[in-house]
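Results of the structural survey
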Amino acid sequence: MSSPNAGGGGGLSIDDEETAETRIRRLISEHPLIIFSRSSCCLCHVMKKLLSTIGVHPTVIELDDHEFASLPRPSSHGGLSSRDLAPAVFIGGTCVGGLESLVALHLSGHLIPKLVEVGVLLV
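Computed from a predicted structure; not experimentally measured.

Procedures and definitions
Residues numbered from 1 in each chain as written. Predicted model: local features only at pLDDT ≥ 70, side-chain atom pairs only at ≥ 80, totals over all residues. Heavy atoms only, no water. Buried < 20%, exposed > 50% of the residue type's maximum accessible area, 1.4 Å probe, protein only. Helix = DSSP H or I, 4+ residues; strand = E, 2+ residues; numbered from the N terminus. Pairing = 2+ DSSP bridges. Contact = heavy atoms within 4.5 Å. Salt bridge = Lys/Arg side-chain N within 4 Å of Asp/Glu carboxyl O. Disulfide = S-S within 2.5 Å.

**Things to note about the pairing of strand β4 (residues 88-91)**
Taking every second residue as pointing to the same face, both faces of β4 are buried, with Ala88 and Phe90 on one and Val89 and Ile91 on the other. Sheet analysis places strand β2 (residues 33-37) next to β4, joined by four bridges and oriented antiparallel. If you follow Leu33 over to β4, its bridge partner there is Ile91. Pairing geometry for β4 and strand β5 (residues 94-97), over three bridges, is antiparallel.

**Here's the deal with the environment of Pro32**
Examined against the element boundaries, Pro32 turns out to sit in the loop between α1 (20-30) and β2. Its relative accessible area of 27% is what places Pro32 among the partly exposed residues. On a C-alpha basis, the gap between Pro32 and Gly93 in space is 6.4 Å, while along the polypeptide they are 61 residues apart. Once residues lying within four places of it in the same chain are set aside, the contact partners of Pro32 are Phe90, Ile91, Gly92, Val118 and Val120.

**Side note on the pattern of salt bridges**
Throughout the structure, instances matching the rule amount to five salt bridges. One salt bridge in this structure joins Glu18 and Arg23, with 3.8 Å as the shortest N-O distance. Arg23 carries the same exposure label as Glu18, and that label is buried. Measuring nitrogen to oxygen at the nearest pair gives 3.8 Å for the salt bridge that ties Arg23 to Glu67. Linking Arg23 in helix α1 with Glu67 in helix α3 (residues 65-68), this pair joins segments that are 44 residues apart in sequence.

**Some remarks on the state of the cysteines**
Taken as a whole, this structure holds zero disulfides when the rule is applied. In this structure Cys42 is a free cysteine whose sulfur lies 5.8 Å from that of Cys41, the closest cysteine sulfur available.

If you want it as structure tokens, here you go:
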């Protein structure tokens, strides 16, 4: 697990004794806006671009393939594999899903209020 972009808040401490699942859950709880991605994921770049045009800069964590299996799934995506959720965005501790879900949230007018609610966007 690496963190090439630690924007959006506090330090990204890593405890070698933590399991991947524990580390991921801790990072989700510590950062109100976080994206879990793969290093070669172009969809993550699109996600970051969308969010930056709104005026927020998420914490981005790159996971290894085996670590993606530890990501909590959004309730509406029960049958999807971990590969289908890369990248995955969490807002306020809740898994929004992938790029398609983030764009749908934005187009429906619910993204900005959600970002304001968790304190990462000031209006």
